[in-house]
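Results of the structural survey
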Amino acid sequence: MNGGGSNRSEAKWANINYLLKSESINILALQETHLTEEASNLLGQKFNRFRILASPHPTHPTNRGGVAILINKHNTRWESAISEEIIPGRALLAKFELNDGGRLNILAVYAPSGDDTANAEFWTLLSSRLTDTGIRHIDIMLGDMNMVENRYDRFPPHPDRQSVVDALQHMKTSWDLRDGWKVLNPDKNDHTFQTKRRNGQINSRSRIDRIYVRDALIDRCDEWRISETGVGTDHSLVSVYFTPKGTPFVGPGRSSVPDFILEYPDVRRGILARAKAAADQIHQFARLNNRTNESNPQTIWHTLKREIMDLTKEMEASTQ
């Protein structure tokens, strides 16, 4: 994103701050951040919505590489999150506490570009360094892979060098990771990055930005998306909704009647007539004391609400 925290990139960080709020993003991985530790601290003071975990390039932090994980303070247990540099400026591991006492391990990566040998060596080194940390598993790996596994993830279609593909796939298999978007869309092609000619025409497209999820957690992930953002970047946003174990189920919500529907006299008359009929039935139960499990004031009330919803939905549909 060429962030850097400079005055020139200030608008990008303001847009990122708004993106976290408007899209309810809890964890965001960024690549090519060009952030020094001082710049990260200043951004954290300016934008109190997020906490930054950053890994700058070890020798050229302001103009090369860098990876970061942003944590939305409003929706997460951000204070207890800890990070560990796996490969400085290239791979950052963040560990989050979950409500059930478990942990979620998220690995943000920014693989080398323009050098197949360096890219292949990166995946081998990454797997080795992760093993050295003693960590048991990676739950989510996300970022700019700067390579594709399938020729159709590029347009025009062409395969990446096999040594690069093999290196990533060996790392992916070792850590039991799967490309979630491709699992959901096995026959679909989409792209997250594009290059342009000098005249502004699109030259090529590729899906180099991806999210990998541990196989045991794939069923807890949905709403896989590739979308554009207001941030000044030539990469698309790749996102997924992850539901931790023990998350309360949230239903579709309570049905309601649009206010404008009540302005129609026919609707008001229909509701009043149904309500009067229901009230008469309920009074009859009170007088005769003949309620049953199948017919009682509660079932009448339930039926009344359903009839009112049906009436208003029918009228709403007729006005469109």
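What counts and what doesn't
Residues numbered from 1 in each chain as written. Predicted model: local features only at pLDDT ≥ 70, side-chain atom pairs only at ≥ 80, totals over all residues. Heavy atoms only, no water. Helix = DSSP H or I, 4+ residues; strand = E, 2+ residues; numbered from the N terminus. Rg over C-alpha atoms; globule rule 2.2 N^0.38 Å. Buried < 20%, exposed > 50% of the residue type's maximum accessible area, 1.4 Å probe, protein only. Contact = heavy atoms within 4.5 Å. Areas by Shrake-Rupley, 256 points an atom, 1.4 Å probe, with all protein chains shown as cover. Lys, Arg positive; Asp, Glu negative; His and termini not counted. Charge placed at Lys NZ, Arg CZ, Asp CG, Glu CD. Pairing = 2+ DSSP bridges. Axes fitted to C-alpha atoms, helices over the stretch in contact; angles between N-to-C directions. Parallel < 35°, antiparallel > 145°, perpendicular 65-115°, else oblique. Left-handed = near helix turned anticlockwise from the far one by under 90°. Phe/Tyr/Trp six-rings, centres within 6.5 Å; stacked < 30°, edge-to-face > 60°. UniProt positions renumbered as here; feature names shortened; annotations may be inferred. Polar contact = N/O pair within 3.5 Å; in protein donor to acceptor, adjacent residues only side chain to side chain. Core = buried A, V, L, I, M, F, W, Y, C linked by side-chain atoms within 4.5 Å. Salt bridge = Lys/Arg side-chain N within 4 Å of Asp/Glu carboxyl O.

**Thoughts on the overall build of the protein**
In terms of regular secondary structure, the protein is built from 7 helices and 14 strands. For the protein, the C-alpha radius of gyration of 27 Å lies well beyond 20 Å, the compact-globule estimate for 320 residues. The 320 residues of the protein split such that 40% are buried. Considering only contacts within the protein whose residues lie at least 6 apart along the sequence, 60% involve residues at least 24 apart. Summing over all exposed atoms, the protein offers an accessible surface of approximately 18,700 Å²; the carbon and sulfur share of this is 47%. Of the charged side chains in the protein, 41 are positive and 40 negative, and the gap between their average positions amounts to 3 Å.

**Some thoughts on the sheet that holds strand 11 (residues 202-206)**
In space, the 3 strands of this open sheet follow the order 8-11-10, with antiparallel pairing throughout. Since the sheet does not close on itself, it has two edges, and those belong to strand 8 (154-155) and strand 10 (193-196), each with one partner. Bridge analysis of strand 10 against strand 11 gives 4 bridges, and the strand direction is antiparallel. Note on strand 11: the bridge partner recorded for Lys196 is Ile202.

**Considerations on the side chain of Ser239**
Looking at the element boundaries, Ser239 is found in strand 14 (residues 237-242). When neighbours within four sequence positions are excluded, Ser239 is seen to be in contact with Ile211, Glu223, Trp224 and Arg225.

**Some remarks on the sheet that holds strand 12 (residues 209-214)**
Reading across from one edge, 4-5-6-7-12-9 is the order of the 6 strands in this open sheet, with mixed pairing throughout. Every interior strand has two partners, whereas the edge strands, strand 4 (82-87) and strand 9 (177-179), have only one. Between one strand axis and the next, the sheet turns through 20° on average, direction left out of account. Bridge count between strand 5 (residues 91-97) and strand 6 (residues 103-110): 7 bridges; the pairing is antiparallel. Bridge assignment links Phe96 to a residue of strand 6, and that residue is Leu104.

**Some remarks on the packing of helix 3 (residues 116-133) against helix 4 (residues 162-174)**
Contact geometry for helix 3 and helix 4: axes closest at 8 Å, N-to-C directions at 15°. One finds that helix 3 runs roughly parallel with respect to helix 4. The two elements helix 3 and helix 4 meet at a crossing, and its hand is left-handed. The residues of helix 4 that touch helix 3, namely those facing Asp116, Asn119, Ala120, Trp123, Thr124, Leu126, Ser127 and Leu130, are Ser163, Val164, Ala167, Leu168, Met171 and Ser174.

**Observations concerning the packing of aromatic side chains**
All told, the structure shown has 3 aromatic pairs when counted by the stated rule. Centroid distance Trp13 to Phe50: 6.3 Å. Interplanar angle 35°. Geometry classified as tilted. Residue Trp13 is located in helix 1 (residues 10-22), and its partner Phe50 is located in strand 2 (residues 50-55); the two are separated by 37 residues in the primary sequence. The class of Trp13 is buried, set by a relative accessible area of 0%.

**Some remarks on the UniProt feature "site: Transition state stabilizer" (unreviewed entry) in the protein**
Sequence positions flagged by UniProt for "site: Transition state stabilizer" (unreviewed entry) are, in local numbering, Asn146. Relative to the helices and strands, Asn146 is located in the loop between strand 7 (140-144) and strand 8. Discounting residues that sit within four places of it in the chain, Asn146 has contacts with Tyr110, Ala111, Pro112, Ser113, Asn119 and Ile208. One polar contact links the side chain of Asn146 to the main-chain carbonyl oxygen of Ala111, over a distance of 2.7 Å.

**Structural notes on the nonpolar core**
Most often, soluble globular proteins have nonpolar side chains that are buried together. In this structure, Leu107, Val109, Trp123, Leu126, Ile138, Met141 and Met171 are the most contacted members of the largest nonpolar core, which totals 25 residues. Mapped by element, the contributors of at least two residues to this core are strand 4, strand 5, strand 6, helix 3 and helix 4. Apart from the residues lying within four places of it in its own chain, the contact partners of Met141 are Leu107, Val109, Trp123, Leu126, Leu168, Met171, Leu177, Arg210, Ile211 and Tyr212. Counting 24 residues, the second-largest nonpolar core is a separate cluster that includes Ala81, Leu104, Ala108 and Cys221.

**So, the pattern of salt bridges**
In this structure the tally under the stated criterion is 13 salt bridges. A salt bridge links Asp153 to Arg207; its shortest N-O distance comes to 3.2 Å. In this pair, Asp153 sits in the loop between strand 7 and strand 8 while Arg207 sits in the loop between strand 11 and strand 12, placing the two residues 54 residues apart along the sequence. For the pair Asp153 and Arg207, a shared accessibility class is recorded, and that class is buried.

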